[in-house]
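Report on the structure
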Amino acid sequence: MKKPFFYNKSLFVIILVASVLLGSCKKEFLDKKPVMANLIPESLADFEGLLNNFSVINNTQSFSMFCGDEYEYLSTSIWQSKEEPIRNSYNWNPTVYQTSLDWNNSYKTLLYANTIITGLNELAKTPANAAKYGDVKGQAYFLRAHTFFQIAQAFAMPYDPKNAAVTPGIPLPLEVNANNPLQRSSIAVTYAQILSDLETAKMSFTSESTTKPTLGSKVAALALLARVHLCMMNYDKAMESAREALKIKGTLLDYNDLDVNSNTPFEGGNPEVIYTTFHGDASVGYDFYALNYSDYGYTFKSKVSPKQIALYDQDDLRLKLCFFIRSANDPAKYIKALYQNIALRYVPFNGLATDEVYLILAECLARKKEVAPALEILNMMATKRFPVGLAPVLSALTPEAALDLVLLERRRELLYRGARWFDVRRLNVEGANITLSREIDGVVYTLPPNDKRYAMPIPLDEITKSGISQN
């Protein structure tokens, strides 16, 4: 059987890596003799050049955005105009398509991570380079874990401890030159690899955080560990990782300090951001951010789901900061701005941030029947999302009621980040019985709990070239 298409080492791969290094404008690299062998990254500076390629490294899958029920296309014709993977994900159509940017770009990112990991194994660690060596190693292992996790959320069924050992996961390339053809691992092996890489990353970093949120860090590894353990229903470990992360970085942005009249209230950065990634399909920006794209001739293609808007209290600052009404004749809410830093003004942020980590901690506390501490987190966060003096004081008589409050706040706070898709997948494994639905041209499409369509089809070109099994 052939090696998977995404993992053949060829002239294309070498040129791809070389183009990143040349694009980094490092004089020491450009001064080298332009011989093909010299274009393969082999120094810490070269590896840093790979990690700083934002458009590749911080580009993640978009399926979790399209599959969620937080937005609606304005017309059937707009939906019909979208590319096949987007059309199919919008109404959960299981028809296999030829190719997928989400698949191809994600495995391209893994090539970068494995190039660095392989190169570090061949590079001597010395007292002089120990600190940089450790940080680069941590970033590479974090990147691989993050990418594996993102792929698993799109192309594999959710983690279920009852059948994880026999449910197909994803291919897990761990080297640049794989001697054996890669097939799909199990869900259990997929998540074990993610956790192993994150533990390696956590132990490799020489400092706790980085001032550059486009790079991995110890706090990013801890935040992702909390998210992964949450998806695996390992609530004790999720709580532990969340607490460790918040000890390093626990900043929350006070929305009272933002300008509700600005079209870009989050411009200039967000101090809550731990690790910056974005939904990689450019259509996401074009479809959801026409207000900030209007100068380029783009028009509105989608609106926020009325069911989503109904989740917010009338005094919630997010209603004014994140949404707007186009005209008195059109009462629908449209996206004005969302939780993102300046580099992601037009594309929804789906990285790691302290608000999510606080909510992971609150959820775990509620599940451990520690109601008061869970509510303390929610009420603290509410003071940052409501005008001074108007924040509601939440209360709950039971752990179940407290959990419901946490999950409701996740829907409000983590809008358009892909979290809705992650949550529906994992919560239905536990019996939440959530059904997603959308109406297109008078036809209602539904996605019932634990349906096999919670895993997107693997693109046909990958199936044809590598022979891996289809969902």
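What counts and what doesn't
- Positions within a chain are numbered from 1, following the residues in the order the chain's sequence is written.
- Totals for whole chains, interfaces and linings use all residues, but because this is a predicted model, local features are given only for residues with pLDDT of at least 70 and pairs of side-chain atoms are given and counted only at 80 or more.
- Water and hydrogen atoms were dropped before computing side-chain values, which therefore reflect all heavy atoms in the structure.
- Helix and strand definitions follow DSSP, with helices as H or I runs of at least four residues and strands as E runs of at least two, each counted in order from the N terminus.
- A simple rule labels every residue: compare its accessible area, found with a 1.4 Å probe on the protein chains alone, to the largest value its type can have, and call it buried under 20%, exposed over 50%, or partly exposed in between.
- Contacts are residue-level and defined by heavy atoms, with any inter-residue pair within 4.5 Å sufficient.
- Should a side-chain nitrogen of Lys or Arg be within 4 Å of a carboxyl oxygen of Asp or Glu, the pair is scored as a salt bridge.
- The predictor's confidence in any single residue is recorded as pLDDT, a number from 0 to 100.
- In a helix, the anticipated span is given by 1.5 Å times the number of residues less one.
- In this text, buried Ala, Val, Leu, Ile, Met, Phe, Trp, Tyr and Cys residues form a nonpolar core when linked through side-chain atoms within 4.5 Å.
- Working convention: axes come from line fits to C-alpha atoms, limited for helices to the stretch in contact. Angles between N-to-C directions cover 0 to 180 degrees.
- By definition in this entry, angles of less than 35 degrees are roughly parallel, angles greater than 145 are roughly antiparallel, angles of 65 to 115 are roughly perpendicular, and the rest are oblique.
- Helix crossings get a hand from a simple test, with the near helix turned counterclockwise from the far one by less than a right angle marking a left-handed crossing and a clockwise turn marking a right-handed one.
- Working definition: a ring pair exists when centres of Phe, Tyr or Trp rings (six-membered ring for Trp) sit within 6.5 Å. Plane angles under 30 degrees give stacked, over 60 give edge-to-face, the rest tilted.
- Note on criteria: charge over ring means Lys NZ or Arg CZ within 6 Å of the ring centre, with the direction from the centre no more than 35 degrees off the ring normal.
- For two strands to pair, DSSP has to find at least two bridges joining them.

1. A look at the overall build of the protein chain
- Within the protein chain, the regular secondary structure consists of 21 helices and 10 strands.
- By the burial criterion, 58% of the 471 residues in the protein chain qualify as buried.

2. Some words on the side chain of E409
- Tracing the backbone shows E409 in helix α19 (residues 399-413).
- Dropping the residues within four chain positions of it, E409 is found in contact with R318, L359, L378 and L414.

3. Remarks on the pattern of salt bridges
- Following the criterion strictly, the structure yields 22 salt bridges and no others.
- When the shortest N-O distance is used, the salt bridge between D69 and R420 registers 2.9 Å. With D69 in the loop between α5 (63-67) and β2 (71-73) and R420 in helix α20 (residues 419-429), this pair connects stretches of sequence that are 351 residues apart.
- Given the relative accessible area of 15%, D69 is considered buried.
- The class for R420 is buried, based on a relative accessible area of 12%.
- R318 is the partner of E413 in a salt bridge, and the nearest nitrogen-oxygen pair spans 2.5 Å. Taken together, the residues span a long stretch of sequence, with E413 in helix α19 and R318 in helix α16 (residues 318-322) at a distance of 95 residues. Taken individually, E413 and R318 each receive the classification buried, so the pair is uniform in this respect.

4. Examining unusual backbone geometry
- Despite not being glycine, M233 shows a phi value in the positive range, around 65 degrees.
- Tracing the chain through its elements places M233 in the loop between α11 (218-231) and α12 (235-248).
- Taking the relative accessible area as the measure of exposure, M233 reaches 17% and is therefore buried.
- For Y416, which is not glycine, the phi dihedral falls at a positive 65 degrees.
- Looking at where Y416 falls in the secondary structure, it is placed in the loop between α19 and α20.
- Residue Y416 is classed as buried on the basis of its relative accessible area, which comes to 0%.

5. Focus on the confidence of the model for the protein chain
- Averaged over all residues, the pLDDT of the protein chain is 87; the fraction at 70 or higher stands at 86%.
- Here residues 1-38 is modelled with pLDDT under 50, and outside its nearest four sequence neighbours on either side it reaches 70 contacts, counting other chains as well.

6. Points about helix α10 (residues 187-204)
- Over its 18 residues, α10 runs 26 Å from end to end, which matches the ideal 26 Å to within 8%, given 1.5 Å per residue.
- Those residues of α10 not exposed but buried are I187, T190, Y191, Q193, I194, L195, D197, L198, A201, K202 and S204.
- Looking at the buried residues of α10, the elements they touch are α9 (130-155) and α11.

7. Digging into the nonpolar core
- F142, F155, L198, V228 and W421 are the most contacted members of the largest nonpolar core, which has 103 residues in total.
- The dominant element in this core, judged by the number of residues it contributes, is α9, at 13 residues.
- By size, the runner-up hydrophobic cluster in this structure holds 31 residues, among which are F266, V304, I309 and L317.

8. Brief notes about the packing of helix α17 (residues 354-367) against helix α18 (residues 371-382)
- Contact pair α17 / α18: the axes reach a minimum separation of 8 Å and the direction vectors enclose 155 degrees. When the axis of α17 is compared with that of α18, the two are roughly antiparallel. Viewed along their axes, α17 and α18 form a crossing whose handedness is left-handed. Across the interface between the two elements, D355, Y358, L359, L361, A362, L365 and A366 of α17 pack against P373, A374, I377, L378, M380 and M381 of α18.

9. Comments concerning the packing of aromatic side chains
- The full count for this structure, using the stated rule, is 16 aromatic pairs.
- Here the aromatic residues F63, Y97, W103, Y107 and F155 are joined through ring pairs into a cluster of three or more.
- R326 extends its terminal NZ or CZ atom over the ring of Y334, reaching a point 5.0 Å from the ring centre.
- Sitting over the ring of Y71, R438 keeps its end group 4.7 Å from the ring centre.

10. Brief notes about the pairing of strand β10 (residues 443-447)
- With five bridges connecting them, strand β9 (residues 436-440) and β10 associate as antiparallel partners. Of the residues in β10, the one forming a bridge with I440 is V443.
- Following β9, the chain reverses through two residues before pairing antiparallel with β10; D441 in that reversal takes a positive phi of roughly 50 degrees.

11. Considerations on the packing of α12 against α17
- Axis separation between α12 and α17 bottoms out at 9 Å; the angle between their running directions is 140 degrees. Relative to α17, α12 is oriented oblique. Where α12 crosses over α17, the handedness of that crossing is left-handed. Residues Y235, A238, M239, A242, R243, A245 and L246 of α12 lie in contact with α17, whose contacting residues are T354, V357, Y358, I360, L361, E363, C364, L365 and R367.

12. Considerations on the environment of T109
- Looking at the secondary structure, you find T109 in helix α8 (residues 101-121).
- By relative accessible area, which is 1% here, T109 ends up buried.

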